[in-house]
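# Inside the fold
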Amino acid sequence: MTSFWLFLSKVFKWSFGFYEVFGNVLNWILFLVACAYFVYWCWILVGPLGNNKDKHYHSDTEDNNPYYREDLYKQG
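Thresholds, definitions, all that
Residues numbered from 1 in each chain as written. Predicted model: local features only at pLDDT ≥ 70, side-chain atom pairs only at ≥ 80, totals over all residues. Heavy atoms only, no water. UniProt positions renumbered as here; feature names shortened; annotations may be inferred. Helix = DSSP H or I, 4+ residues; strand = E, 2+ residues; numbered from the N terminus. Phe/Tyr/Trp six-rings, centres within 6.5 Å; stacked < 30°, edge-to-face > 60°. Buried < 20%, exposed > 50% of the residue type's maximum accessible area, 1.4 Å probe, protein only.

To continue, consider the UniProt feature "transmembrane region" (unreviewed entry) in the protein chain. Here, UniProt's "transmembrane region" (unreviewed entry) annotation points to residues 25–46. In residues 25–46, helix accounts for 100% and strand for 0%; the two terminal C-alpha atoms are 31 Å from one another.

Put into structure tokens, the structure is as follows:
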């Protein structure tokens with residue numbers, strides 16, 4: 001019976017080691033994915049607006065949704 005418990009303890013030790021290694025690998029994968037998203041986000045920001053291009057940038061929604069429209073407040 002002792003050999004069974006020794007075997008079971010070895011299985012538990014192995015499984016905890018497996019989860020530790022798997023967690024470490026998963027952590028690196030998530031870190032690399034987050035880095036890729038960050039680089040993509042920076043690329044999207046710098047691509048259209050970098051090198052002083054923001055002075056010539058025109059948004060599609062600009063002037064389509066003004067904060068104040070006189071026709072909404074006209075009476076009569």
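Alright, that's what it looks like, and here's the rest.
The subject of this paragraph is the packing of aromatic side chains. Under the criterion given, the structure shown has six aromatic pairs. Geometrically, the ring pair formed by Phe4 and Trp5 is edge-to-face, given 5.1 Å between the ring centres and 65° between the ring planes. Since its relative accessible area comes to 41%, Phe4 is described here as partly exposed. Taking 5.9 Å as the distance between ring centres and 40° as the angle between the ring planes, the aromatic pair formed by Phe38 and Trp41 counts as tilted. Residue Phe38 and its partner Trp41 are both found in helix H1 (residues 2–49); the two are separated by three residues, about one turn of the helix. One aromatic cluster is present, built from ring pairs that chain together Trp14, Phe18, Tyr19 and Phe22.

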